[in-house]
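Architecture and fold: a report
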Amino acid sequence: MHGHADHVDHSEHQAHLPVGVYLRVWFMLFILSAVSYFVDYFQVEPLPLRWVLIVLLALIKAALIMNYFMHLGSERLSLVYTILLPPVLILALAAIVIAEGSYTSMIRALFGG
Amino acid sequence: MTEHQQAAVAGGRRSAWREIVADFSRDVRTYPFGWSKAMMWIFILSDLFVFGSFLAAYAGVRMAATQPWPDRGHVFSLTIGGAEVPLLLIAIMTFILISSSGTVALSVAASHERNRSKTAALLGLTLVLGACFLGMQAYEWTHLIHEGFLPSSNPAGASQFGATFFMITGFHGTHVVIGLIFLARVLLRVLRGYYDRIGTWEQVEVAGLYWHFVDLVWVFIFAFIYLI
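Residues numbered from 1 in each chain as written. Chains lettered and ligands numbered in written order. Predicted model: local features only at pLDDT ≥ 70, side-chain atom pairs only at ≥ 80, totals over all residues.

**Remarks on the overall build of chain A**
When its secondary structure is counted, chain A shows four helices and zero strands. Mapped from its N terminus to its C terminus, chain A presents α and β elements in the order α-α-α-α. By residue count, 22% of the 113 residues in chain A fall in the buried class. Put simply, of all contacts in chain A between residues at least 6 apart along the chain, 50% involve residues at least 24 apart. (Helix = DSSP H or I, 4+ residues; strand = E, 2+ residues; numbered from the N terminus. Buried ≥ 20, exposed ≤ 12 C-beta atoms within 10 Å, placed from the backbone. Contact = placed C-beta atoms within 7 Å.)

**A closer look at the overall build of chain B**
Within chain B one finds nine helices and two strands. In chain B, the order of α-helices and β-strands from amino to carboxyl end is α-α-α-α-β-β-α-α-α-α-α. With the C-alpha coordinates of chain B rotated into their principal frame, the extents come out at 60 × 45 × 30 Å. The buried share among the 228 residues of chain B stands at 39%. Of all intrachain contacts in chain B linking residues separated by at least 6 positions in sequence, the fraction that spans at least 24 positions is 66%.

**Topic: the packing of helix α4 (residues 88-111) of chain A against helix α3 (residues 35-64) of chain B**
Axis separation between α4(A) and α3(B) bottoms out at 7 Å; the angle between their running directions is 20°. The angle between α4(A) and α3(B) falls in the class roughly parallel. As α4(A) runs across α3(B), the sense of the crossing is right-handed. Across the interface between the two elements, Ile90(A), Leu93(A), Ala94(A), Val97(A), Ile98(A), Glu100(A), Gly101(A), Ser102(A), Thr104(A), Ser105(A) and Arg108(A) of α4(A) pack against Phe49(B), Gly52(B), Ser53(B), Ala56(B), Ala57(B), Ala59(B), Gly60(B), Met63(B) and Ala64(B) of α3(B). Tallied by class, the residues present in the contact of α4(A) with α3(B) amount to 11 nonpolar, seven polar and two charged. (Axes fitted to C-alpha atoms, helices over the stretch in contact; angles between N-to-C directions. Parallel < 35°, antiparallel > 145°, perpendicular 65-115°, else oblique. Left-handed = near helix turned anticlockwise from the far one by under 90°. Nonpolar A, V, L, I, M, F, W, Y, C, P; charged D, E, K, R; others polar.)

**Looking at the domain arrangement of chain B**
Interface extent is often summarised as the accessible area lost during association of the parts. Assigned domains of chain B: these are domain 1 (1-32) and domain 2 (34-227). A C-alpha centroid distance of 34 Å is found between domain 1 of chain B and domain 2 of chain B. (Domains from an automatic or database assignment.)

**A look at the environment of Tyr103(A)**
Residue position: Tyr103(A) is located in helix α4. As a C-alpha pair, Tyr103(A) and Met70(A) span 33 residues in sequence and 39 Å in three-dimensional space.

**Comments concerning the environment of Val39(A)**
Residue and element names in this part refer to chain A. When you line up the elements, Val39 lands in helix α1 (residues 19-41). As a C-alpha pair, Val39 and Ala109 span 70 residues in sequence and 31 Å in three-dimensional space. Contacts of Val39, omitting those with residues within four sequence positions, involve Val44, Arg50, Leu53 and Ile54.

The following block contains the structure:
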């Protein structure tokens, strides 16, 4: 599980955030979750706006978790970009899949099954 | 201020770029911290792709389904005093998982101080909250199956709902189980003074990273599978 060579963490650079930061982020996550729940509960119209709000709130929560809880905000930029850039490909995949999905839906509507 | 923020302020954007170039052009290792933490981040990246692909597929499958997608507010509701409260248990599960992320973050902070009792207590709390989450998810699954929703069929609507729901929440639940085992192992090691003996408490942070990832995935599952 560990090698003697590398428990000498020359850069055991540990992000030291004051406890208050964790508590404030925790509180914000509650608020953002509650807001997204109510966006759905109150069926905010128009529907695309509802979805945009829910996705946006999820992204903000994700950013808070990654930046403060996982300390990505205090890490080397090389790591930050290693983690944040490749998932852009997932967005590309989602865009392609959604385009395909809409086409498949049309075909099924036209030709049945 | 963090290292690279200070560098950036001192030398502008070029210093941030220099830091990236310095890391990637270094001879022996790119990331100037231990293997354990580096590999956990790389694993998290790969797992982001796993769940990201699943959620992208869910979007396509749902759009192409010819039969109606169930109303999640109705399917996942709890009836309290005669009133149907939509997604109540899911909301509680979300709060519990977020809280467990908070407790593990505080536990990691305590591990920096090498405070054995505080680290252990917070890890223990994280475990309890995580186990509660798992129990509630198990209850949701049981309830769904009882209503006739299976991975292959849906009593009223698109059968793809069950397929995507059970697979994605199943993968997430499996990650929760693995996380609980990992946290329990770290907790035992903290209690036995193992990390003092080996000289580094890094494993607490590594376990914390994994647990935060589990919460991160849930943020997106909550948004896409339950709300949208």
